[in-house]
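# Residue-level structure breakdown
So you can see what is in the structure, the chains are spelled out below.
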Amino acid sequence: MKRIIYLLSIALAMNFVVACEDQHDIIDYVPIVLKVHIQDTAGNNLLDANVPNNILDKNIHIVYDDKVLPVFDFEHYTDSLQAEAKSRVLLAEWFGSFISKTDSFCKDPLEYGPMLFVGEFAGDKDGIESVTLFIGNKSYELKFSNRIDGLKVKRHYYLDDVEQSDNNFYIKL
């Protein structure tokens, strides 16, 4: 009987030791990536080199934070996305913008063919961010708002001030 009481008291003491440890919870807020689909009126993907009248030869660039940034072809831009993890926290890594035939983060082929990715933006900051996409002489404002309330995150996405259902932006030319 003494042995059972002894074991129970040790278990109870261990419970207090574990319960009193200083805990540092890591809360990850997923970085924000904007995904742009550019199609003609018939629904053809104009970022696909195999589609007649594609826009790949047009001057495509973005303006973000008062800087003009070119759009890269993903196959020539993968080195910057292969950064070694330095933290357990899911940090946003700005890669600018690029066109890819695959989901750049898991290498799966995209269901609808190539698309334009813009980001990553910090998912752990409240506020509004805006990027202007230029295709030839036309411009499109891609904007999102991010509101954090504890563990709840509310995000809204806008294409030329028209709210979108998610981070996919569909542009018809």
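If you're wondering where the values come from, they're calculated on a predicted model, not measured in any experiment. (Residues numbered from 1 in each chain as written. Predicted model: local features only at pLDDT ≥ 70, side-chain atom pairs only at ≥ 80, totals over all residues. Heavy atoms only, no water.)

Within the secondary structure layout, His37 lies in strand β1 (residues 32-39). We classify His37 as buried; its relative accessible area is 7%. Engagement of the side chain of His37 in a polar contact is seen with the side chain of Asn168, the distance being 2.8 Å. Look past the residues within four positions of His37 in its chain and what remains in contact with it is Met115, Asn168, Phe169, Tyr170 and Ile171. (Helix = DSSP H or I, 4+ residues; strand = E, 2+ residues; numbered from the N terminus. Buried < 20%, exposed > 50% of the residue type's maximum accessible area, 1.4 Å probe, protein only. Polar contact = N/O pair within 3.5 Å; in protein donor to acceptor, adjacent residues only side chain to side chain. Contact = heavy atoms within 4.5 Å.)

Our next topic: the side chain of Asn167. Mapped onto the fold, Asn167 is located in the loop between β9 (162-164) and β10 (168-172). There is a polar contact of 2.7 Å between the side chain of Asn167 and the backbone oxygen of Val33.

Here strand β6 (residues 127-135) pairs with strand β7 (residues 138-149) via 9 bridges, running antiparallel. When the sheet's bridge partners are listed, Ile135 is paired in β7 with Lys138. Where β6 hands over to β7, the hairpin turn is made up of 2 residues, of which Gly136 adopts a positive phi near 60°. Looking at chain direction, β7 and strand β8 (residues 152-159) are connected through 8 bridges and run antiparallel. If you follow Lys143 over to β8, its bridge partner there is Tyr158. Counted between consecutive antiparallel strands, the loop separating β7 from β8 contains 2 residues, among which Gly150 sits at a positive phi close to 65°. (Pairing = 2+ DSSP bridges.)

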